[in-house]
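Here's the letter readout for the chains.
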Protein chains: 2
Amino acid sequence: MSDTQERVVVTEVGMRDGLQSVARTMSTEFKRRWIDAAYAAGVRQMEVASFVPAKLLPQMADADDVIAHALTYDDLIVTALVPNLKGAQRALEAGVQRIVAPISVSAAHSLANVRKTPAEMIDAFATIRELIDNASNAGVRRVELIAGLSTVFGCTLQGAVPYADIAAIARAAVQAGADVIALGDTTGEATPRQVGEIIELVREVAGDRLRSLHFHDTRGLGLANTLIALQHGIREFDASLAGLGGCPHAPGATGNVNTEDLVFMLDSMGYDTGIDLAGLLASRAVLADALPGEPLYGYLARAGLPKQFGAARQGFASRQPSSEPQVLQ
Amino acid sequence: MSDTQERVVVTEVGMRDGLQSVARTMSTEFKRRWIDAAYAAGVRQMEVASFVPAKLLPQMADADDVIAHALTYDDLIVTALVPNLKGAQRALEAGVQRIVAPISVSAAHSLANVRKTPAEMIDAFATIRELIDNASNAGVRRVELIAGLSTVFGCTLQGAVPYADIAAIARAAVQAGADVIALGDTTGEATPRQVGEIIELVREVAGDRLRSLHFHDTRGLGLANTLIALQHGIREFDASLAGLGGCPHAPGATGNVNTEDLVFMLDSMGYDTGIDLAGLLASRAVLADALPGEPLYGYLARAGLPKQFGAARQGFASRQPSSEPQVLQ
């Protein structure tokens, strides 16, 4: 493999996907501290809030303030999730660089989650596209619009989602103006071979617009699935610090892929994430302070970095002195 | 990938590697029940005991009885681990089909674990080879001798192990008569790219004798590493039910790859393990009964099988009815 130091973007989504599944609401001050700590560790892309009614998700009521803080970092790409046109309007006004609008490929999940069919979500997506284009024409910096296809790898309500449905909805999202197609394993059912198949399937209809993957670690395959996605050319992944997260409408779903463990794997393989593992591990302290008693997950946090991990990252050639083992002379 | 239903052998090593790191001793009766349950679930290869002095590992004092029970199953391949010639003699007398003799590629780990250098272990390995050959010449069914190379992917005591050392010791083990070379991530430091590199490195000197991999899940990469090993042609893996295991001489090391999670991944990818997941999950009850309070790990045990998992296993072509999503018509 010759892609040493190839760039991989890790998007921290814990402030959105993680916190929305934690019953308690993290204070705005702690969210600011989390953003600061993640930025200090080198994270340059974060999904920091969603614009949903506060009565549905009180955890996200401070979206405007959180985004305003994130935007104080010039080189931080700030993303918000929006379920509808009204949310998109608020996100535009808040000044985010990227808007994710989820579209479930499972009708059952879509109805449970947003009370709309996938087709209705595609229609809503098109109106968001129009809103962004109008703002752009009026001089607002162009916001990137991401179709976050969810339940792509299975749905706890309807079971396996036919590949034809996934392809059709991906195609419809592109036609409706998605700049980026992201694939989400909302329910933690993705498996490695399937991940490769679906990436190729969606790439056929979405081409280079297929850009990012969002895995949950429900069945322990989050990193194995990431590995397959890397092999299929994906270079952008969502993850949550300490594995926070889940989907309230997908029973049994557990947290996102753990950011620290993901960065460790990428680092060990020679990819450049720009993220400092020690800093990332240290940033868990913000969560421990903000959410005492909340379980924080992560293998690396428990086991620590292997001895000489820095050396091991330098690659085969440089890390292997030609020392014949003296014991065998 | 066209290897649907290709066979992958999963060796249950929990009765040996798992139990040796559990402080309490499991009774012989419970070990028998475990073997029965694993066999009933379809496991056909088990490492059931080690022949070490009972004062060092009282958990293994009943090795003879446990092996005798395992051998009541005609088509179960029974393996014992032996640290030395005396252990090999006992294993031969017990009638196992396979003997694993560990050889650490890290001198520091080797000295801490068996108080011998790797070179001394190679010498000891050669005497085991001779013992088996003599027994075979005397009419005893030929026992397969496995060199279990340990700390191959890193050592908590000495750090990274130079690739040249790994290759030299693998070569020496082949020259000393190993039928099989197995690679062990004793300390849970293996990372995906490294796994691929080391498999190719060892295959250069060991050829087809390189057969099996033994991962721990210390840093969450056990299944990702397995995936890479599969891609590099390995079709035999060790695992422990409920992720029991670890190495008392490798601080920070945690359990083996979880058998249920491994079989789930393999199953999802279309490999034939011959193991029934529901039966395997049910067999955890033996551990819960035998070791109350002992933590049992596993993603699948917590999350359960995905809906329609059986259907998803049938492969892309058969599981994808050509249903265009009506919502988009």
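As a reminder, the structure under discussion sits directly above these lines.
The structure presented is a predicted model; accordingly, all values stated were derived computationally and were not measured.

Visitor: Looking at this structure, I do not really get the overall build of chain A. What am I missing?
Guide: Per the secondary structure count, chain A includes 14 helices and 8 strands. A compact globule built from 329 residues should have a C-alpha radius of gyration of about 20 Å, and chain A, at 20 Å, falls within 12% of that. Over its C-alpha atoms, taken along the principal directions, chain A stretches across nearly 75 × 45 × 40 Å. Among the 329 residues that make up chain A, the fraction classed as buried is 61%. Considering only intrachain contacts with a sequence separation of at least 6, the fraction spanning at least 24 residues in chain A is 73%. Separation of charge centres in chain A, based on 28 positive and 37 negative side chains, amounts to 2 Å.

Visitor: Before we go on, may I ask you to explain empty space enclosed by the protein in this structure?
Guide: Gaps between atoms show up when a probe of the same size as a water molecule is rolled over them. The final tally for this structure, using the stated rule, is 3 cavities of 30 Å³ or more. The computed volume of the largest cavity comes to approximately 150 Å³. Around the largest cavity sit 19 residues that line it, and D217(A), G220(A), Y299(A), G220(B) and Y299(B) are the ones nearest its centre. At the level of elements, helix 9 (222-231) and helix 10 (259-268) of chain A together with helix 9 (222-231) of chain B are the ones that each hand at least two residues to the lining of the largest cavity. Class assignment for the residues of the lining of the largest cavity results in 9 nonpolar, 6 polar and 4 charged. The volume enclosed by the second largest cavity comes to roughly 50 Å³. For the second largest cavity, the full set of lining residues is P102(A), I103(A), S104(A), H109(A), S110(A), N113(A), V114(A), M121(A) and S150(A). When residues of the lining of the second largest cavity are traced back to their parent elements, those giving at least two are strand 4 (98-104) and helix 5 (107-114) of chain A. Per element, the largest residue contribution to the lining of the second largest cavity is 4 residues, and it comes from helix 5 of chain A.

Visitor: How do you make sense of helix 3 (residues 63-70) of chain B when you look at a structure like this?
Guide: Because the α-helix completes a turn every 3.6 residues, residues three or four places apart line up on one side. All names here are of chain B. The complete set of buried residues in helix 3 reads A63, V66, I67, H69 and A70. Viewed along the axis of helix 3, the buried residues span an arc of 160°, placing them on a single side of the element. Where helix 3 is buried, its residues meet helix 2 (28-40), strand 2 (45-50), strand 3 (77-81) and helix 4 (85-94).

Visitor: How do you make sense of the pattern of salt bridges when you look at a structure like this?
Guide: Should the charged atoms of two oppositely charged side chains come close, the side chains can pair. Evaluated as defined, the whole model comprises 36 salt bridges over all chains. The closest approach of N and O atoms between D272(A) and R7(A), which form a salt bridge, is 3.2 Å. One end of the pair, D272(A), is in the loop between helix 10 and helix 11 (277-290); the other, R7(A), is in the segment before strand 1 (9-12), and 265 residues separate them in sequence. R203(B) is the partner of E200(B) in a salt bridge, and the nearest nitrogen-oxygen pair spans 3.4 Å. Within this pair, E200(B) and its partner R203(B) are both found in helix 8 (residues 192-206), separated by 3 residues, close to a single helical turn.

Visitor: So what exactly am I meant to see when it comes to helix 10 of chain A here?
Guide: Residues and elements named next belong to chain A. Taking burial as the measure, the 10 residues of helix 10 include 10 buried ones, the bulk of the element. For helix 10, every residue scored as buried is listed here: T259, E260, D261, L262, V263, F264, M265, L266, D267 and S268. Between the side-chain oxygen of the N-cap and the backbone nitrogen of E260 there are 2.9 Å, and the N-cap of helix 10 in question is N258.

Visitor: Explain the packing of helix 2 of chain B against helix 3 of chain B to me, please; I cannot follow it from the model alone.
Guide: When two helices pack together, you describe them by how their axes are tilted relative to each other and by the distance separating the axes. All names here are of chain B. Contact pair helix 2 / helix 3: the axes reach a minimum separation of 10 Å and the direction vectors enclose 30°. Between helix 2 and helix 3, the crossing angle belongs to the class labelled roughly parallel. When you trace helix 2 past helix 3, the crossing you get is right-handed. Seen from helix 2, the contacting residues are T28, K31, R32, I35 and D36; seen from helix 3, they are D65, V66, H69 and A70. A class-by-class count of the residues in the contact of helix 2 with helix 3 yields 3 nonpolar, 2 polar and 4 charged.

Visitor: Teacher, can you tell me more about the side chain of T151(A) here?
Guide: All names here are of chain A. You can see T151 is positioned in the loop between strand 5 (144-150) and helix 7 (163-175). Overall, T151 belongs to the buried group, its relative accessible area being 0%. Once you skip the residues sitting within four places of it in the chain, T151 turns out to touch S104, V105, S106, H109, V161, G184, T186 and T187.

Visitor: Any chance you could explain the interface of chain A and chain B here in plain terms?
Guide: Interfaces are often sized by the amount of accessible area the parts lose when they come together. Between chain A and chain B, the residue contacts involve 62 residues of the former and 63 residues of the latter. Each partner contributes to the roughly 5,200 Å² buried at the junction of chain A and chain B, and carbon and sulfur atoms together form 61% of this total. Summed over the shared surface of chain A and chain B, the number is 0 salt bridges. Viewed at the interface, chain B and chain A are joined by 10 residue pairs in polar contact (both at pLDDT 80 or more). Looking at the side of chain A that touches chain B, the elements that each hand over two or more residues are helix 6 (118-137), helix 7, helix 8 (192-206), helix 9, helix 10, helix 12 (299-303) and helix 14 (316-319) of chain A. The biggest single contributor to the side of chain A that touches chain B is helix 7 of chain A, with 6 residues. Taken together, the residues of the side of chain A that touches chain B break down into 34 nonpolar, 17 polar and 11 charged.

Visitor: So what exactly am I meant to see when it comes to the pairing of strand 5 of chain A here?
Guide: Where a strand is regular, its side chains alternate between the two sheet faces. Residues and elements named next belong to chain A. With respect to burial, strand 5 is a largely interior element, 6 of its 7 residues being buried. In the sheet, strand 4 pairs with strand 5 via 7 bridges, with the strands oriented parallel. Bridge pairing links I99 to L145 in strand 5. For strand 5 and strand 6 (residues 180-184), the ladder comprises 4 bridges, and the chain directions are parallel. Within strand 6, the residue paired with I146 across the bridge is V180. Note on the crossover from strand 5 through helix 7 to strand 6: the handedness is right-handed.

Visitor: What exactly am I supposed to notice about the relation of the copies chain A and chain B here?
Guide: The pair of chain copies shares a relation made of a rotation about an axis and a shift along it. Once turned by 180° and shifted 0.0 Å along the axis, chain A lies on chain B with an RMSD of 0.0 Å. Given the turn and translation reported, the copies of this chain are related as if by a two-fold rotation axis. If distances are taken from each C-alpha of chain A to the rotation axis, the shortest is found for A224(A), at 2.1 Å. Comparing contact sets, 100% of the residues at the interface of chain A also lie at the interface in chain B, consistent with an isologous, same-surface contact.

Visitor: In this structure, what is going on with the environment of D267(A)? I would like to understand it.
Guide: Counting through the fold element by element, D267(A) comes out in helix 10. We classify D267(A) as buried; its relative accessible area is 7%.

Visitor: Looking at this model, I keep getting lost on the packing of aromatic side chains. Mind explaining?
Guide: Here the distance between the centres and the angle between the planes together describe a pair of aromatic rings. The tally for this structure, following the rule as stated, stands at 4 aromatic pairs over all chains. Relative to Y73(A), the ring of Y39(A) lies with its centre 4.0 Å away and its plane at 25°, an arrangement referred to as stacked. Placement of Y39(A) in helix 2 (residues 28-40) and of Y73(A) in the loop between helix 3 (63-70) and strand 3 (77-81) is noted, with a sequence separation of 34 residues between them. Residue Y39(A) shares its accessibility class with Y73(A), and that shared class is buried. Each ring, one from F153(B) and one from F215(B), has its centre 5.9 Å from the other, and the planes form 45°; the classification is tilted. Placement of the pair is F153(B) in the loop between strand 5 (144-150) and helix 7 (163-175) and F215(B) in the loop between strand 7 (210-214) and helix 9, with a sequence separation of 62 residues.

Visitor: Which parts of the structure should I look at to understand the environment of L287(A)?
Guide: Residues and elements named next belong to chain A. Tracing the chain through its elements places L287 in helix 11. Classification of L287 by relative accessible area gives buried; the value is 0%. Between the C-alpha atoms of L287 and R33, which are 254 residues apart in sequence, the distance is 9.5 Å. Sequence-distant contacts of L287, that is, excluding residues within four places in its chain, are made with M26, W34, L241, A242, L244 and L296.

Calculation criteria
Residues numbered from 1 in each chain as written. Chains lettered and ligands numbered in written order. Predicted model: local features only at pLDDT ≥ 70, side-chain atom pairs only at ≥ 80, totals over all residues. Heavy atoms only, no water. Helix = DSSP H or I, 4+ residues; strand = E, 2+ residues; numbered from the N terminus. Rg over C-alpha atoms; globule rule 2.2 N^0.38 Å. Buried < 20%, exposed > 50% of the residue type's maximum accessible area, 1.4 Å probe, protein only. Contact = heavy atoms within 4.5 Å. Lys, Arg positive; Asp, Glu negative; His and termini not counted. Charge placed at Lys NZ, Arg CZ, Asp CG, Glu CD. 1 Å grid on protein atoms, 1.4 Å probe; cavity = no way out; pocket = protein on both sides within 12 Å on 5 of 7 lines; lining within 4 Å. Points joined across faces, edges and corners; volume = space filled by probe spheres on them. Nonpolar A, V, L, I, M, F, W, Y, C, P; charged D, E, K, R; others polar. Arc of directions from axis to C-beta. Salt bridge = Lys/Arg side-chain N within 4 Å of Asp/Glu carboxyl O. Polar contact = N/O pair within 3.5 Å; in protein donor to acceptor, adjacent residues only side chain to side chain. Axes fitted to C-alpha atoms, helices over the stretch in contact; angles between N-to-C directions. Parallel < 35°, antiparallel > 145°, perpendicular 65-115°, else oblique. Left-handed = near helix turned anticlockwise from the far one by under 90°. Buried area = accessible area lost by both parts, 1.4 Å probe. Pairing = 2+ DSSP bridges. Right-handed = clockwise from strand over helix to strand, strands pointing away. Least-squares fit on C-alpha atoms with pLDDT ≥ 70 in both. Phe/Tyr/Trp six-rings, centres within 6.5 Å; stacked < 30°, edge-to-face > 60°.

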